[in-house]
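Listed below, chain by chain, are the residues.
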Amino acid sequence: MIVCVEGVNGSGKTTLAGALLGMWTYGHARAIDPVQHTVFGDTVRTAIMAATGLMADAETLAFASARLHTAGMLAATRCPPMTELLVLERWAGAVVAYGTVAGASPFLLRALEGSLAGALPVDVTVLVDVPGDVAEARLKRLGDRNRFETLGGGYLERVRRQYLAWASIRQVPVINGQQDMATVAGQVARLISDRVAASGHTTKESA
Ligand SMILES: Nc1ncnc2c1ncn2[C@@H]1O[C@H](COP(=O)(O)OP(=O)(O)O)[C@@H](O)[C@H]1O
Ligand SMILES: Cc1cn([C@H]2C[C@H](O)[C@@H](COP(=O)(O)OP(=O)(O)O)O2)c(=O)[nH]c1=O
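Below you will find a few notes about this structure. (Residues numbered from 1 in each chain as written. Chains lettered and ligands numbered in written order. Predicted model: local features only at pLDDT ≥ 70, side-chain atom pairs only at ≥ 80, totals over all residues. Heavy atoms only, no water.)

Focus: the environment of Gly 18
And then number 1: For Gly 18, the location among the structural elements is in helix α1 (residues 13-23).
And then number 2: Considering only alpha carbons, one finds Gly 18 and Arg 30, twelve residues apart in sequence, at a separation of 8.7 Å. (Helix = DSSP H or I, 4+ residues; strand = E, 2+ residues; numbered from the N terminus.)

Okay, structure coming up:
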């Protein structure tokens, strides 16, 4: 079972991933950030974060490359059994939402979204939605921020809107990230259970 949690910085993805792992009692469970999961991706991310004046297409390609490399590294466990949970913090949606705001070519974005979608069989994708100013206030409290997290609530709101447009087109469920975490996690766990049931596995194996 591969679950992808999409959303802007500060929407609650990492907290949600932790909650889902805690609720999963049917087998092995882990959460990864596909950008930073490999040494290659981590190095690429460091280079992107340090770069100034990076062209939008170049930046988008670099992020997608880091994510695609993770898909390759996961090849051995490409289709984990339904009893095993792998939570991805962002996947194809981030490329589209952040890339659109950065001004990347729509043709490039469509191609990369397709490559990412084909590279890993994601079973359930959700978008955790919070307004940009709420995300910004949360990030401010956390301190230590990457360069996308210092662009402010207006920037996060623009990414949020691109995420919502993407979710609408792709029929990705939108979860209200302003609810308490138990409610957010409960709603996602329900979607995961529905997916397990649809796959024909017994409900005994679901979250
Ligand atoms: N549903 C929520 N309600 C209130 N605060 C939240 C909620 N989800 C996350 N937070 C807080 O917001 C901050 C960012 O959460 P985090 O999970 O790191 O977001 P992300 O991984 O999307 O950047 C953390 O301090 C976290 O405790
Ligand atoms: C342009 C672009 C930016 N980003 C942004 C969002 C994040 O701030 C950062 C990705 O870093 P990442 O390591 O995935 O996450 P985080 O720093 O949020 O824990 O870059 C993408 O994830 N994908 C993209 O295609």
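What about the site of ligand 1?
And then number 1: Near ligand 1 you find 13 residues, and of these Gly 10, Lys 13, Thr 14, Thr 15 and Gln 179 are the closest.
And then number 2: In the environment of ligand 1, an oxygen atom lies 3.2 Å from a nitrogen or oxygen atom belonging to the backbone of Ser 11.
And then number 3: Between ligand 1 and Gln 179, the relevant distance is 2.8 Å, taken from a nitrogen atom to a main-chain nitrogen or oxygen of the residue.
And then number 4: Elements with a contribution of two residues or more to the shell around ligand 1: α1 and α6 (132-142).
And then number 5: Ranked by residues supplied to the shell around ligand 1, first place goes to α1 with three residues. (Near = heavy atom within 4 Å. Polar contact = N/O pair within 3.5 Å; in protein donor to acceptor, adjacent residues only side chain to side chain.)

A closer look at the packing of aromatic side chains
And then number 1: Applying the stated criterion to the full structure yields five aromatic pairs.
And then number 2: Ring centres of Tyr 98 and Phe 148 lie 6.3 Å apart, and the angle between their planes is 85 degrees; this geometry places the pair in the edge-to-face category. In this pair, Tyr 98 sits in helix α4 (residues 92-102) while Phe 148 sits in the loop between α6 and α7 (153-170), placing the two residues 50 residues apart along the sequence.
And then number 3: Under the relative-accessibility criterion, Tyr 98 is labelled buried at 12%.
And then number 4: With a centroid separation of 6.2 Å and 85 degrees between ring planes, the pair formed by Tyr 98 and Tyr 163 is classed as edge-to-face. Taken together, the residues span a long stretch of sequence, with Tyr 98 in helix α4 and Tyr 163 in helix α7 at a distance of 65 residues. (Phe/Tyr/Trp six-rings, centres within 6.5 Å; stacked < 30°, edge-to-face > 60°. Buried < 20%, exposed > 50% of the residue type's maximum accessible area, 1.4 Å probe, protein only.)

Topic: the nonpolar core
And then number 1: Within the largest apolar cluster, 24 residues are counted, with the highest numbers of intra-cluster contacts made by Val 8, Tyr 98, Val 159 and Tyr 163.
And then number 2: Elements that contribute at least two residues to this core include exactly α2 (39-50), α3 (56-73), α4, α6 and α7.
And then number 3: When residues in this core are grouped by element, the largest group, six residues, is from α7.
And then number 4: Once you skip the residues sitting within four places of it in the chain, Val 159 turns out to touch Val 8, Ala 97, Tyr 98 and Val 101. (Core = buried A, V, L, I, M, F, W, Y, C linked by side-chain atoms within 4.5 Å. Contact = heavy atoms within 4.5 Å.)

Section: the site of ligand 2
And then number 1: Close contacts around ligand 2 come from 16 residues, with Asn 9, Gln 36, Arg 45, Arg 67 and Asn 146 the closest.
And then number 2: In the environment of ligand 2, an oxygen atom lies 2.5 Å from a nitrogen or oxygen atom belonging to the side chain of Arg 45.
And then number 3: Between ligand 2 and Arg 67 there is a distance of 2.8 Å, counted from an oxygen atom to a side-chain nitrogen or oxygen.
And then number 4: When isolated, ligand 2 has an accessible area of 520 Å², and the protein chains bury 92% of it. (Areas by Shrake-Rupley, 256 points an atom, 1.4 Å probe, with all protein chains shown as cover.)

These values are about where atoms sit, not about what they do.
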